[in-house]
Amino acid sequence: MEDKKSIMGTLRRKAKLLRSSRVGNKNSNKSGVRDDSLLEEQMSVSVADLLKRSRATSLINLSHQQPAEVRPSSLCINSPTTALSMSLRNIGGGTGLTELVDSNDWPSQESVTDSPCEEHNISNSTDEMDQVLRLRDTQNPSSESFAEILDMRTETAGVSEHQRETQRSYLLTLCLKEGRGLVIRDRCGTSDPYVKFKLDGKTLYKSKVVYKNLNPIWNESFSFPIRNLDQKLFIKVYDRDLTSDDFMGSHGVVLNTLELEKTSEMVLPLDDPNSLEDDMGVIVIDITLSVRNGKNKKRLAKGSTIEHNRRLTESMKKSQLWTGIFTITLVEGRNLPLDGHGEVFVRFKLGDQKYKSKSQIKKVNTLWREKFDFNQFPNGSSILEIEVVGKEGRKNEECYGQCEINLSELPLNQSTLFTSELDSGKLVFLVCPTPCSGVSITDLVAPPLEEPHERDNMLVKYSFKNSLKDIGDVGFLQVKVIKATDLMAADLNGKSDPFCVLELGNNRLQTHTIYKTLNPEWNKVFTFPVKDIHEVLEVTVFDEDGDKAPDFLGKVVLPLLSIRNSQQVACPLRKENLGGLSKGTIVLELEVIYNSVKASIRTFTPREQKFLEDNVKFSKKVLSRNVVRVRNLYRAVCLVHQFIKSCFQWESVQRSIIAFMIFVLTVWYWDFYMLPMFMVLLIIWNYLQIASERVNRDLDTIELNEEEDEDEKESERKGLMEKIHMVQEIVITVQNLLEEIACFGERIKNTFNWSVPFLSNLAFVVLVMATVITYFIPVRYIILLWGIHKFTKKLRNPYAIENNEVMDFLSRVPSDVQMAQYTELSSCNLHSPVKRKRTSP
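Worth saying up front: this structure is predicted, and the values here are computed from it rather than measured. (Residues numbered from 1 in each chain as written. Predicted model: local features only at pLDDT ≥ 70, side-chain atom pairs only at ≥ 80, totals over all residues. Heavy atoms only, no water.)

Draft legend 1. Representation of the sheet that holds strand β6 (residues 246–254) in the model. The four strands lie next to each other as β3-β2-β5-β6, forming an open sheet whose pairing is antiparallel. Each edge of the open sheet is held by one strand with a lone partner, namely β3 (202–206) and β6. Adjacent strand axes in the sheet meet at a mean angle of 25°, parallel and antiparallel pairs treated alike. As judged from the eight bridges shared by strand β5 (residues 232–239) and β6, these two strands associate in the antiparallel manner. Paired with Ile235 across the strands is His251, a residue of β6. (Pairing = 2+ DSSP bridges. Helix = DSSP H or I, 4+ residues; strand = E, 2+ residues; numbered from the N terminus. Axes fitted to C-alpha atoms, helices over the stretch in contact; angles between N-to-C directions.)

Draft legend 2. Representation of the pairing of strand β17 (residues 426–435) within the structure. When you tally the buried positions in β17, you get seven out of 10 residues, the bulk of the element. For strand β9 (residues 324–334) and β17, the ladder comprises 10 bridges, and the chain directions are antiparallel. Paired with Gly324 across the bridge in β17 is Pro435. Where strand β16 (residues 416–421) meets β17, six bridges bridge the pair, whose relative direction is antiparallel. Following the sheet pairing, Phe418 is matched in β17 by Phe429. Hairpin remark: β16 followed by β17, antiparallel, with four residues in the connecting loop; positive phi at Gly425, about 100°. (Buried < 20%, exposed > 50% of the residue type's maximum accessible area, 1.4 Å probe, protein only.)

Draft legend 3. Main features of the packing of helix α11 (residues 596–603) against helix α17 (residues 757–776). α17 packs onto α11 with a crossing angle of 80° between their chain directions and a minimal axis gap of 11 Å. When the axis of α11 is compared with that of α17, the two are roughly perpendicular. On α17, the residues touching Ser596, Ala599, Ser600 and Thr603 of α11 are Phe758, Leu759 and Leu762. Grouping the constituent residues of the contact of α11 with α17 by class yields four nonpolar, three polar and no charged. (Parallel < 35°, antiparallel > 145°, perpendicular 65-115°, else oblique. Contact = heavy atoms within 4.5 Å. Nonpolar A, V, L, I, M, F, W, Y, C, P; charged D, E, K, R; others polar.)

Draft legend 4. Fine view of helix α14 (residues 674–691). Taking 1.5 Å as the rise per residue, α14 with 18 residues should run 26 Å; its terminal C-alpha atoms sit 25 Å apart, in good agreement. Turning to α14, its buried residues are Met674, Pro676, Val680, Ile683 and Gln689. (Expected span 1.5 Å × (residues − 1).)

Draft legend 5. View of the pattern of salt bridges. One pass over the full model with this rule turns up 28 salt bridges. With a shortest N-O distance of 3.0 Å, Lys480 and Glu450 are connected by a salt bridge. Placement of the pair is Lys480 in strand β19 (residues 475–485) and Glu450 in the loop between β18 (440–443) and α10 (454–461), with a sequence separation of 30 residues. Here Glu746 makes a salt bridge to Arg629, at a shortest N to O gap of 2.9 Å. With a gap of 117 residues between them, Glu746 in helix α16 (residues 728–752) and Arg629 in helix α12 (residues 620–648) connect regions that are remote in the sequence. Judged on exposure class, the residue Glu746 and its partner Arg629 are both buried. Counted as one network, the salt bridges with shared partners bring together Lys177, Glu265 and Asp286. (Salt bridge = Lys/Arg side-chain N within 4 Å of Asp/Glu carboxyl O.)

Draft legend 6. Summary view of the nonpolar core. Core analysis: the biggest nonpolar cluster contains 51 residues, and Leu477, Val481, Leu502, Leu537 and Ile586 have the highest contact counts within it. Looking at this core, the element that brings in the most residues is α17, giving five residues. Non-local contacts of Ile586, meaning those with residues more than four positions away in its chain, are made with Val481, Lys483, Ala484, Cys500, Trp522, Val539, Val541, Val556, Val569, Ala570, Cys571 and Leu573. Core analysis: the next-biggest nonpolar cluster, separate from the first, contains 30 residues, Tyr170, Phe197, Leu229 and Leu258 among them. (Core = buried A, V, L, I, M, F, W, Y, C linked by side-chain atoms within 4.5 Å.)

Draft legend 7. Local environment of unusual backbone geometry. In this structure, Asn335 is a non-glycine residue whose phi angle is positive, near 55°. As for its position among the elements, Asn335 is in the loop between β9 and β10 (343–350). Of note in the backbone geometry, Arg369 takes a positive phi value of approximately 55° without being a glycine. Within the secondary structure, Arg369 sits in strand β13 (residues 366–376). Taking the relative accessible area as the measure of exposure, Arg369 reaches 14% and is therefore buried.

Draft legend 8. Seen up close, the side chain of Arg812. Tracing the backbone shows Arg812 in helix α19 (residues 805–812). At 2.6 Å, the side chain of Arg812 and the backbone oxygen of Thr605 are in polar contact. A polar atom in the side chain of Arg812 sits 3.3 Å from the backbone oxygen of Asp808. Each residue touching Arg812, except ones within four places of it in the same chain, is listed here: Asp532, His534, Arg602, Thr603, Thr605, Pro606, Arg607 and Leu759. (Polar contact = N/O pair within 3.5 Å; in protein donor to acceptor, adjacent residues only side chain to side chain.)

Draft legend 9. Just α11, in detail. All buried positions along α11 are accounted for by Lys598, Ala599, Ser600, Arg602 and Thr603. In this fold, the buried residues of α11 make contact with α10, β26 (581–594), α17 and α19. If you check the start of α11, you find a side-chain oxygen 2.9 Å away from the backbone N of Val597, and it comes from Asn595.

Draft legend 10. A look at the packing of aromatic side chains. Following the criterion strictly, the structure yields 17 aromatic pairs and no others. Seen from their ring centres, Tyr194 and Tyr238 are 5.7 Å apart, and the 25° between their planes marks the pair as stacked. With Tyr194 in strand β2 (residues 193–199) and Tyr238 in strand β5, this pair connects stretches of sequence that are 44 residues apart. Classification of Tyr238 by relative accessible area gives buried; the value is 5%. With centroids separated by 6.5 Å and ring planes inclined at 80°, the aromatic side chains of Trp322 and Phe377 adopt a geometry described as edge-to-face. Taken together, the residues Trp322 in the loop between α9 (297–320) and β9 and Phe377 in the loop between β13 and β14 (383–392) connect sequence positions 55 residues apart. (Phe/Tyr/Trp six-rings, centres within 6.5 Å; stacked < 30°, edge-to-face > 60°.)

Nothing here speaks to function; it is geometry throughout.
Okay, here's the thing in structure tokens:
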């Protein structure tokens, strides 16, 4: 016990000498008393209290004891070792406690102040800590051991090193150079390859499509930040197709095997476990993995992400926006083979766009007389592929010949006649390239119609005085896709990766994908040129599902004539068959500007057909629905017949007398102008009935839901489907025939009951003109002019498209089913337009 007291006495004396030498002789006595009390107080406290006070005490003592010129550097503590050393100095209040160990091992005051932010090795202070621990345990046996301090210091150092390693990030830079010897995926013996770079299930980059090339050259570069190197980067190659893209092989690159700060050229052989091909070609890339600067990590990450999204957006825009239109007229086939019965049709392909003509009965000289349009993309293919196919039965197809036409050198706004030689016969068709403007994708902050003078220019362009200029350019459509809410969850994590597709006829644009959300905000503006005001805008929301086909989330169908300009509408999404409501709504703002005269002229021309229609399949529900529709029309005809019969039978004396007087006067004074006049009166009567709300166009009786219970599906599969398996084509023909009959009758009805006010107004104007013309001009002259026109039409224009103006007009009138499928904007929630301030660039 005496040894312990002597040691502590020695420590106190040395502490006094040290303090007196630093402070001076004036304060030596006061400092000694203060140091004695400080030492006794600190030797009596616990380690837990010491840890709380050590850092604050060390900073205070250093600020008091050290010169002003070295204080900033002495307060810089970057390592736990330095903090621990300074806390141990404060145990003795700056006394000679450190002299228990070798002064060379323990850092002096000068070393602390002269070496800013220096990290000291723990191993050098282990012996010192052992001696201090022995001294502390003998002085206060009940307190905690100082060994815990050393353990905490070691653990803190390990965590710090681990955090620094985890927080380190890398920048992966890739250059997709070329492909060599890729596999064939198209019938023509080539492929349309493009490449996807995927990491952790997400697409980092998608290259452009190189058409009709097995040795494509891309030379595209991009960069992406990487945090974890224990991943594999997958390079997947696909063949672009309109329906579903074909897989051409992939290769994986393990990131932790790459050398840092070194650009390596890699020749990656492609492989597909599900393919029987031994050699699927190679992809050549340059890859660089570099360490990013920690200070600028957030800034670089944000900049890299923005740049990456910008590149993806620009790439998406280039692949979607078209600059011209190729109008193709299929005229006829000459000297085609007649080997048995069957049909013949023609397939056209331009890049991703495909068109199949109508099937005609096999003849030596087969007439089609069809017209359709292909879009011209800046980086798209200019090779038009044509294939003539004969078909017998359901699956037996025979190719009569193929040909290719280069469209890049054709003169603009001029029709060029082609007579292409086939293996068997010839094919005659026309191609007319025309420039196209009006299609764009922009951000919501800068919509095209809000640009200075742009709206005025559009109004002038589609004004009445320009009605006869460029008849095919009917109008302009702007669609603001703002957001969607409460979408269906398509992924296992309860979220979706939604994107939106807009279709107007055969034109298609889409938004970018927003990942892991059920309430996406796209805030994009799309514009379309309008070729037919009777088209419908289809807005479909999909969930991106990696390499698989996207999952359907909902759909909205909006007729252009029902658009209310500059009104935000929240439209509920429908199911894929438009039969019922799906989950979620989409907020849109639409505006359409068009010329009524051009739209009226376009109404009496053949309607553009969709490139790819869904394959018709037998459905008991559709068959039953069509039977009910035809039965309703038949009942209406029967009611009219019963009414006329009742007049003849004098069931009501008053009604029969009135009917007899009308019949006598009509027959006595009959002229042909009375027929369109009667139709005009019928349209006026229906308009007055609807305006007075006496008649309501109730479409709720139309059953659209084609879902069936499992029991019905099972019974249908075992019973009905087995019975009609051999006669399925006949049943489908009957189903389609009933569909056409029902549509024809319903369209005539909807023309007169103002289902589409534009068409009813147009019919009203045409019938008024017919009434006036037939009043002043004898019918015989009108019929003579009509006959001359029909007989001389082919002489005046050998390649004219045959059409029936009345049937073309009725094809624009929606049937009851279509009226029920279309989204009524009056049922959507209307929002006042939001005026956004444009930010200066």
